[in-house]
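Residue-level structure breakdown
Residue-level listing of the chains:
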Amino acid sequence: MTNPYPDVRFHRFQEQITMYDLRYLRDNLDALRDQLGPRGTDVPWDSLRGLIEQRRSLTSQVEQLRSELKKGSDEVARLKREKQPADAAMAAMKAVGERIKAIEDELRGVEEPLTDLNLRIPNLPHASVPDGKDASSNVEARRWGTPPALTAPAKSHWDLGEALGILDFDRASKIAGARFAVMTGAGARLERALINYMLDLHTTQHGYREVLPPLLVNRASMTATGQLPKFEEDLFRLRDEDYFLIPTAEVPVTNLHRDEIIAETALPVRYTAYTPCFRREAGSYGKDTRGLIRLHQFNKVELVAFVKPEQSHEELERLTGHAETILQGLGLHYRVVTLCAGDMGFSAAKTYDIEVWLPSQNQYREISSCSNFEGFQARRGGIRYKGAAGKKDAKTEFVHTLNGSGLAVGRTLVAILENYQQPDGSVTIPAVLRPYMGGLELIRKE
RNA sequence: GGAGGGGUGGCAGAGCGGCCGAAUGCGCCAGUCUUGAAAACUGGAGACCUCGCAAGGGGUCCGCGAGUUCAAAUCUCGCCCCCUCCGCCA
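I will try to describe carefully the structure that is included in this document. (Residues numbered from 1 in each chain as written. Chains lettered and ligands numbered in written order. Predicted model: local features only at pLDDT ≥ 70, side-chain atom pairs only at ≥ 80, totals over all residues. Heavy atoms only, no water.)

1. Brief notes about the sheet that holds strand E13 (residues 383-386)
To keep things clear, this is the line we draw: When DSSP finds two or more bridges between a pair of strands, those strands are recorded as paired. Here a strand is any run of E in DSSP of at least two residues, a helix any run of H or I of at least four, and the numbering for each starts at the N terminus. Here the axes come from fitting lines to C-alpha atoms, over the contacting stretch only for helices, and the angles between their N-to-C directions go from 0 to 180 degrees.
A sheet is described by the order of its strands in space; here three strands give the open sequence E7-E13-E14, paired in mixed fashion. The strands lining the two open edges of the sheet, one partner per strand, are strand E7 (260-263) and strand E14 (396-398). Here the strands of the sheet are splayed against their neighbours by 40° on average, with no regard to which way each runs. Sheet analysis places E13 next to E14, joined by three bridges and oriented antiparallel. Bridge pairing in E14 links Tyr385 to Glu397.

2. As for the packing of helix H4 (residues 157-164) against helix H11 (residues 409-419)
Put simply, the test is: Should an angle fall under 35 degrees it is called roughly parallel, over 145 degrees roughly antiparallel, and 65 to 115 degrees roughly perpendicular, with every other angle called oblique. The criterion used for residue contact is that any of the two residues' heavy atoms lie within 4.5 Å.
Closest axis-to-axis distance for the H4/H11 pair is 9 Å, and the angle between their directions is 80°. Classified by the interaxial angle, the pair formed by H4 and H11 is roughly perpendicular. In contact with His157, Leu160 and Gly161 of H4, H11 contributes Val414, Leu417 and Glu418.

3. So, the sheet that holds strand E11 (residues 350-358)
Across the sheet, eight strands lie side by side as E1-E10-E11-E12-E15-E9-E8-E4; this open sheet has mixed pairing. The sheet is open, and its two edges are formed by strand E1 (139-144) and strand E4 (209-211), each paired on a single side. The mean angle between the axes of side-by-side strands here comes to 25°, regardless of whether they run parallel or antiparallel. Bridge analysis of E1 against strand E10 (residues 334-338) gives five bridges, and the strand direction is antiparallel. Bridge pairing links Trp144 to Tyr334 in E10.

4. Brief notes about unusual backbone geometry
For clarity, the cut-off: Note on exposure labels: buried denotes an accessible area under 20% of the residue type's maximum, exposed denotes more than 50%, and partly exposed covers the range between, all computed with a 1.4 Å probe on protein chains only.
With an omega of 5°, the peptide bond running from Leu228 to Pro229 counts as cis. Residue position: Pro229 is located in the loop between helix H7 (219-225) and strand E6 (244-245). Within the chain, Lys83 stands out as a residue other than glycine whose phi angle is a positive 55°. Tracing the sequence through the fold places Lys83 in the loop between helix H2 (45-81) and helix H3 (87-118). Residue Glu281 is not a glycine yet carries a positive backbone phi of 55°. Relative to the helices and strands, Glu281 is located in the loop between strand E8 (269-278) and strand E9 (297-307). By relative accessible area, which is 16% here, Glu281 ends up buried.

5. Here we look at the packing of helix H6 (residues 185-204) against helix H9 (residues 312-330)
Two quantities define a packed helix pair, namely the angle between the axes and the distance from one axis to the other. Applied cut-off: By definition, any crossing whose near helix is turned counterclockwise from its far helix by less than a right angle is left-handed, and any crossing with a clockwise turn is right-handed. Each residue receives one of three labels: charged for Asp, Glu, Lys and Arg, nonpolar for Ala, Val, Leu, Ile, Met, Phe, Trp, Tyr, Cys and Pro, and polar for the others, Gly being one of them.
Close contact between H6 and H9 brings their axes to 11 Å; oriented N to C, the two are set at 130°. When the axis of H6 is compared with that of H9, the two are oblique. As H6 packs across H9, the resulting crossing turns out to be right-handed. The residues of H9 that touch H6, namely those facing Leu194, Tyr197, Met198, Leu201 and His202, are His322, Thr325, Ile326, Gly329 and Leu330. Split by residue class, the contact of H6 with H9 holds six nonpolar, four polar and no charged.

6. Side note on a nonpolar patch on the surface
Convention followed: Candidates for patches are residues over 30% relative accessible area with no salt bridge; among them, like charges are joined within 9 Å and nonpolar side chains (Val, Leu, Ile, Met, Phe, Trp, Tyr) within 5 Å. Using the Shrake-Rupley algorithm and a 1.4 Å probe, accessible areas are obtained, with residue cover drawn only from the displayed protein chains. The salt bridge definition used is simple: a Lys or Arg side-chain nitrogen within 4 Å of an Asp or Glu carboxyl oxygen.
Taken together, the side chains of Leu216, Leu238 and Tyr243 make up a nonpolar region of the molecular surface, amounting to roughly 230 Å² of accessible area. Relative to the assigned elements, Leu216 resides in strand E5 (residues 216-217). Judged by its relative accessible area of 35%, Leu216 falls in the partly exposed class.

7. Let's talk about the pairing of E13
Of the two faces of E13, only one is covered, namely that formed by Ile383 and Tyr385; the face formed by Arg384 and Lys386 stays uncovered. Pairing of E7 with E13 involves four bridges; the strand directions are parallel. Within E13, the position partnered with Ala263 by the bridge is Lys386.

8. Section: the pairing of E10
Burial runs high along E10: four of the five residues are buried. Note: E10 against E11, five bridges, orientation antiparallel. Residue pairing across strands places Thr338 opposite Tyr352, the latter belonging to E11.

Written out as C-alpha cells, the structure is:
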C-alpha cells in the first residue's frame, strides 16, 4: 500500500491531516452539506458518514488493545527482572499484538478513502459571499476611473503587438505550440518593467517581503493549497519525477510555512513573488485562443499573507487594495467584483476579482483574483501560530491564509496596449513605467 | 550519478531493545531578590488524536513508511531530506 500523500502528515490514524477536522465533520455533516450548496454536490456524503463512523469505532478498539499491550509488556519486563516465568504473559501479548495488527489493516483501508474524500470537500463560503451558481450572480463592488477616449476604433492587443513587432505568436507556436507567446524588443522590456514596477511598489510601499521560489513543487505542496487531489488535470506534471509546474506562486509561497508554527508576534507575514505560471487550460478549448489572455505560461506577481483568524477579512480588503494600487498607478480603468459562492475557486472562502477594461473587447476582463482562504489551506498544510512560548494562555491555532494577483503581468500588458493605443497604432507608455523603460514614452513600429 | 556520515523537543545535543515523551545546556514563561533591569535562585512549559458536559481517562508522535519482537528513538528493509568527498554541470 502506498501513501498517496507522502509527506502530507497523513495516516497513522491520529496524525491525520485535518483538512476538515474529523470530529467537526462528524458533528456537522448535514449542516456542511447544506451550507456548501452547489459547491458540495459531488461529495458522496453518505459514504463519508459511514467511513467516519467506521474509523471512530476501529480507532477506539485499537487504542484499547494498545493500552492492554502496553501494560502487558511492562508486566513481562517486571517478571523477567524478578526472574519469574513470563511465557504465559508473552503468549497472551502476542495474541493481542496480532489482533491490533488486524484491526490496523482494516483501519488503513478506511482511512485512505476517507482522507481522499475529505481532501475533495471545498471550502465553506463566508457569510458575506453572495449566493449563486455562476458568474451571472457575481456582484460589482466598485469601479475606478473611466474608459479611455479613443478617437479611432479600438484595435486588439494582438493586432497592435504584431504590427509593432513586439509580439510574435507565429514563432511561439512553432517553437512551443498553441497558447504560447514570444515577446521581443520593447514588448519584452515592457513585461519586465511591469514586473519590476509591481514588485517595487509592493515591497517598498505595501510591506511585502520579496520571494523568488521554486517553479516546480511536490505533491504535498499542491495538496496543501488545494490544487490536488481534485484538479490534477489542470496541472503540468513532469514525466519522470513527481513534480508539478506551479500554476501560481501561491503554491510555493503559501507552502513556505507548511508544517510550521509561526510566532504570534511575527504575524501578519506578507510576501510578494514574481513567477512564471503554468496551466494546462484543459477544458478551455476555443476560449481566448488569440493573444495573451489565456496562455500555458504567463507571468504573475503574487501577494500572499498569513494572518490571525480575526484579521483575515480586513486583510482581504487591504490586499485587494494593494492590487488595485497598481492599476491606479497605471491609470487603467477597472472594477472590483465579489464572486458568488458558485463562481469561487475550490479553496476560497471569499474572493474579489479585479477586472480591467479592454476597449477592443468592450468588456472588463479578470486581471487579479484576491481570496481569503481562512483556515482551509492552513489546516491542509499544518500552518499554525502560537503566542509566546510557555505562556499559560498560548494556544496553537491555524492561521488564515490569503493571496491575490498583484497583478497578472501579461494581462496588464494587454490592458496597456489596448488602453494607451494611438490612432497610428503606436502605444503611449504610462508615466510610472518610463523609468523602467529607459525613459521611453512611446512604442512605435521598430 | 558514486563513496561515506547524519536526521531526537524552539535551538544545541545525549541516549542505541524494557525503568525513555526522552538527560543536559541554551533560549522561553512565572516567582523570589532589586527603585528598575541584569545576575543568582525557585518553579513551569512539546505537538496531536480519541472518549467525556466537565473533572479526567486512553492513545500516537525521536525524518517518512513497512517489518522483527511480549516490548522499538534504539534492530532490519525501502523511501525522503541534509552534510562531506569524487564525478558531471549553469
